[in-house]
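# Report on the structure
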Amino acid sequence: MDLRVETLVVGPLSTNCYIVSNRDDALIVDPGWDVERILSAIGDLRVTLIVATHGHFDHVGAVEELRERLGVEFVMHRRDEELLDVAAEHAVRFGLRFRRPRPDRYIEEGEEIELGDCSIRAIHTPGHSPGSVCLLFGFTLFSGDTLFMGSVGRTDLTGGNFDQLDSSIRRKLYVLDDATIVYPGHGPTTTIGFEKRFNPFVRP
Ligand SMILES: [Zn+2]
Ligand SMILES: [Zn+2]
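So, here's what we can say about the structure. It should be emphasised that the depicted structure is a prediction, and the values quoted were computed from it without experimental measurement. Every chain is numbered independently, its residues counted from 1 as its sequence is written. Lettering of chains starts at A and numbering of ligands starts at 1, both following the order in which they are written. For a predicted model such as this one, the threshold for reporting local features is a pLDDT of at least 70, and the threshold for listing and counting side-chain atom pairs is 80 or more; totals across whole chains, interfaces and linings nevertheless cover every residue.

## Focus on the overall build of the protein chain
The line we're drawing: Think of it this way: any DSSP run of H or I at least four residues long counts as a helix, any run of E at least two long counts as a strand, and we number them from the N terminus. In this setup the radius of gyration rests on C-alpha atoms only. A globule is expected at 2.2 Å times the number of residues raised to 0.38. Three classes are used. A residue is buried when 20 or more other C-beta atoms lie within 10 Å of its own, exposed when 12 or fewer do, and partly exposed in between, with C-beta atoms placed from the backbone.
In terms of helices and strands, the protein chain carries 6 helices and 14 strands. Its C-alpha atoms give the protein chain a radius of gyration of 16 Å, near enough to 17 Å, the size a compact globule of 204 residues would have. Counting only C-alpha atoms, the protein chain reaches 45 × 40 × 25 Å along its principal axes. Each of the 204 residues in the protein chain was classed as buried or not, and the buried ones make up 45%.

So, in structure tokens, the structure goes:
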């Protein structure tokens with residue numbers, strides 16, 4: 001029943017792309033860049049879904065090509081759909097070629113995503129962006145750009161809102177078990193217990 005997590009740091013903003021697998025099935029979380037590296041890390045795993053924690057370009061830059069080459073669906077939260085239009089402009093500023101991804105469907109608060117024998121729950125955590133989601137399985141949380149080690153996602157970009165971010169983290173993440181390991185969108189892993197004690201931006 002255990003999840004295996006492989007981390008690939010991709011692209012100009014050092015985004016964490018996660019290959020999350022159980023048995024022979026895998027999800028790709030936040031494929032921001034580096035299609036070939038992601039494909040070789042997947043190896044013989046069967047990819048069942050591509051998920052973005054939110055619609056910023058550094059989390060979705062490789063989605064379209066992977067979606068075509070693997071023939072799998074791409075899902076994200078509906079409320080970040082319009083950020084995908086802005087994402088292209090941001091990517092150009094970094095001198096990057098960018099293909100706007102097309103979600104095949106949207107994920108909702110509380111939705112369970114099947115993976116092998118597991119099911120992974122989507123938690124809607126608006127604040128960094130309106131459609132930010134975290135993904136939870138047992139004591140493993142993928143937090144996107146909502147919560148980082150010792151920090152939180154910026155809220156000065158389109159659709160960002162600090163009060164929402166604060167509320168999302170306190171009401172939906174700090175209520176999880178302290179032992180929960182947090183795999184963020186950038187930087188090292190942390191735990192819920194550590195952030196509750198030491199995160200200077202959002203206090204429990
Ligand atoms: Zn972001
Ligand atoms: Zn990011």
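Once you've had a look at it, read on.
## A closer look at the sheet that holds strand β3 (residues 25-29)
In plain terms, the rule: A pair of strands counts as paired when DSSP detects no fewer than two bridges linking them. Between N-to-C directions, angles span 0 to 180 degrees; the directions come from axes that are lines fitted to C-alpha atoms, helices contributing only their stretch in contact. We call two residues in contact when their backbone-placed C-beta atoms lie within 7 Å.
Taken in spatial order, the 6 strands of this open sheet run β1-β2-β3-β4-β5-β6, and their pairing is mixed. Of all the strands in the sheet, just β1 (4-10) and β6 (105-107) have a single pairing partner and so form its edges. Strand-to-strand twist across the sheet, computed as the mean angle between neighbouring axes with direction ignored, equals 30°. For strand β2 (residues 15-22) and β3, the ladder comprises 5 bridges, and the chain directions are antiparallel. Note that in β3 the partner of I19 across the bridge is I28. Against the sheet, helix α1 (residues 35-42) makes contact with β1, β2, β3 and β4 (46-51), and its axis sits at roughly 160° relative to β1, the strand it touches most. The strands touched by helix α3 (residues 63-70) within the sheet are β3, β4 and β5 (74-77), with β4 carrying the most contacts at an inclination of about 150°.

## Overview of the sheet that holds strand β9 (residues 133-137)
Overall, mixed pairing links the 6 strands, which are arranged β7-β8-β9-β10-β13-β14 in an open sheet. At either margin of the open sheet sits one strand with a lone partner, and together these are β7 (112-115) and β14 (190-191). Across 4 bridges, strand β10 (residues 140-144) lies against strand β13 (residues 181-184) in parallel orientation. Looking across to β13, one finds that T140 is bridged to I181.

## Examining the environment of T140
Note on placement: T140 falls in strand β10. It is 6.3 Å that separates the C-alpha atoms of T140 and V182, two residues lying 42 residues apart in sequence.

## Let's talk about unusual backbone geometry
Despite not being glycine, S14 has its phi angle at roughly 50°, a positive value. Positionally, S14 belongs in the loop between β1 and β2. A positive phi angle is found at D34, which is not glycine, with a value near 65°. Tracing the backbone shows D34 in the loop between β3 and α1. Of the residues examined, D34 has 18 C-beta atoms within 10 Å and is grouped as partly exposed.

## Thoughts on the environment of H128
Tracing the backbone shows H128 in the loop between β8 (118-124) and β9. Look at H128 and you get buried, because 28 C-beta atoms sit within 10 Å. Residue contacts for H128: discarding those within four places in its chain leaves H54, D145, T146, G153, R154, T155, G160 and L165.

## Looking at the pairing of β7
Summarising the sheet, β7 and β8 pair through 4 bridges and their orientation is antiparallel. If you follow I113 over to β8, its bridge partner there is I120. Here β7 hands over to β8 after 2 residues, with G116 in that stretch at a positive phi of 55°.

## A look at the environment of D145
The topology assignment puts D145 in the loop between β10 and β11 (147-148). A tally of 28 C-beta atoms within 10 Å means that D145 is categorised as buried. Put simply, D145 and S132 are 13 residues apart on the chain and 7.9 Å apart in space, counted from C-alpha to C-alpha. Leaving out residues up to four positions away in the same chain, D145 has contacts with H54, H128, S132, G153, G185 and H186.

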